[in-house]
Amino acid sequence: MADVPVGVLLSGGVDSSLIVGLLAEAGQKDLNTFSIGFDGIDTEEGDEFRYSDIIAERFETQHHKIPVGSDRMMTALPNVVRAMSEPMVSHDNVGFFLLSEEVAKHVKVVQSGQGADEIFAGYHWYPPLAGSNDPVGDYSKAFFDRDQEGFCEAVATSYHDGDHSRQFVESHFAMPGADTPVDYALRLDTKIMLTDDPVKRVDNMTMAWGLEARVPFLDHEVVELAARVPPELKLADGGKGILKSVARRVVPSQVIDRPKGYFPVPALKYLQGDVLDMVRDALTSNAARKRALFKPAYIDMLVENPKDHITPLNGSKLWQIALLELWLQEHID
C-alpha cells in the first residue's frame with residue numbers, strides 16, 4: 001500500500017495479473033498498469049495486449065499500452081546495450097528499457113511478476129526432471145540454448161577447453177540439501193539463474209530511467225514457503241499449479257489457461273532490414289575481427305539467412321553472438 005501512485009508491469013500472464021488483482025482486492029486505488037508491444041513479423045505477433053486488456057478492464061486500472069515500431073526500437077538499442085551491466089542476449093531487454101522509459105513518466109516505483117516461474121516451477125524444463133534418472137542430462141537438454149557441439153561450432157578453437165556449462169550444473173546438482181531432481185533445478189535456478197538473468201535484466205533496464213522495480217514474489221517469506229511445497233504441487237496444471245489455484249480465486253481464467261507467453265520482440269528473432277545491417281556491421285568490424293571470438297564461416301552462415309538459425313529456446317543465434325560483440329564494443333573497447 002502506498003500514498004503515491006502504484007504501478008505494475010502487466011504482461012498479461014498469470015504472475016503480473018495476480019499482483020494487479022491482489023492490489024485491487026487490498027483496496028489500492030488509481031492503480032497504473034503498463035504493457036508494451038512490438039511490430040509483428042510474418043505470423044508472429046509482437047504483443048500480448050489482448051490478455052493485459054482483460055486484466056486492466058477487470059480491475060479498472062489506469063492502463064498504459066505502449067506500441068513500439070521498428071524505428072523506435074532501433075534507436076533505443078545502443079542505449080539498451082549501454083545499460084547492461086553484462087551481456088544479456090534476451091530479446092526482452094529492449095522491451096523492459098522502453099517500458100521503463102514510459103513508466104518513469106508516471107510512477108517512481110513499479111511492481112513486477114519476476115520470480116514466480118523460478119520458485120513455483122513454471123518453466124518447461126521442470127516436468128522432464130520429475131522422476132529423472134539423469135537429472136544433469138535432462139536439465140541440460142531442456143534448459144541449455146546451445147550444447148557443447150554448438151558452442152564449438154560458433155566460437156574460435158582457442159576457447160575450446162571443456163564443457164563448463166555442464167560441469168557447473170553437475171557440481172550444483174551434487175550439493176546436499178535438495179531431495180528430488182526438480183528441487184535440484186529449482187535451487188539452481190533460484191540461487192543462480194534468477195539473480196543473474198531475469199532480475200538483473202529488469203533491474204538494469206529500470207534503473208536506466210531512475211525507476212525502482214519491486215518483485216513481490218521474491219519476498220523471502222514467499223520464497224521460503226515455495227521451497228517447502230512438494231514438486232508435484234508445483235508441476236500440476238502445466239506448471240505453477242499451486243499458484244494457478246490461488247490465482248483462480250482472483251483473476252479471470254482466460255489469463256491462467258492461456259498458452260505460456262514470453263516477451264515477444266520478433267525483430268530481434270527474425271533479423272532483417274536495419275537490424276540485420278547493424279548486426280552485420282558489428283560482427284565484421286575491425287574490432288570484431290581483431291577480437292576473433294567467433295569463426296568467420298559461422299558468422300557468414302548466420303548472416304546469410306538469420307531466420308534459419310533459431311535456438312531451441314526460440315532465440316536468434318545471430319542476435320546472441322552480435323549482442324556479445326556489441327556489448328564488448330560499448331563497454332570494453
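Residues numbered from 1 in each chain as written. Predicted model: local features only at pLDDT ≥ 70, side-chain atom pairs only at ≥ 80, totals over all residues. Heavy atoms only, no water.

Focus on unusual backbone geometry
Turning to step 1, where the next piece is worked out: Phi at K240 is positive, roughly 55°, even though this residue is not glycine.
Turning to step 2, where the next piece is worked out: Tracing the backbone shows K240 in the loop between α12 (231-235) and α13 (241-247).
Turning to step 3, where the next piece is worked out: Since its relative accessible area comes to 5%, K240 is described here as buried.
Turning to step 4, where the next piece is worked out: The backbone of A292 shows a phi angle near 55°, a positive value even though the residue is not glycine.
Turning to step 5, where the next piece is worked out: Structurally, A292 can be placed in the loop between α15 (286-291) and α16 (296-304). (Helix = DSSP H or I, 4+ residues; strand = E, 2+ residues; numbered from the N terminus. Buried < 20%, exposed > 50% of the residue type's maximum accessible area, 1.4 Å probe, protein only.)

Brief notes about the sheet that holds strand β3 (residues 62-68)
Turning to step 1, where the next piece is worked out: With parallel pairing, the five strands of this open sheet are ordered in space as β3-β2-β1-β4-β5. The two strands at the open ends of the sheet, each matched to only one other strand, are β3 and β5 (212-214). Neighbour-to-neighbour, the strand axes of this sheet turn through a mean angle of 30°, independent of strand direction.
Turning to step 2, where the next piece is worked out: Where strand β1 (residues 7-9) lies against strand β4 (residues 109-111), two bridges are found, and the strand directions are parallel. (Pairing = 2+ DSSP bridges. Axes fitted to C-alpha atoms, helices over the stretch in contact; angles between N-to-C directions.)

Re the side chain of T33
Turning to step 1, where the next piece is worked out: Counting through the fold element by element, T33 comes out in strand β2 (residues 32-38).
Turning to step 2, where the next piece is worked out: Among the residues examined, T33 registers a relative accessible area of 0% and is labelled buried.
Turning to step 3, where the next piece is worked out: A distance of 2.7 Å separates the side chain of T33 from the side chain of T61, its partner in a polar contact.
Turning to step 4, where the next piece is worked out: In this structure T33 touches V8, L10, V20, A56, T61, Q62, H63 and H64, once residues within four positions along its chain are discounted. (Polar contact = N/O pair within 3.5 Å; in protein donor to acceptor, adjacent residues only side chain to side chain. Contact = heavy atoms within 4.5 Å.)

This is a description of form; function is not addressed.
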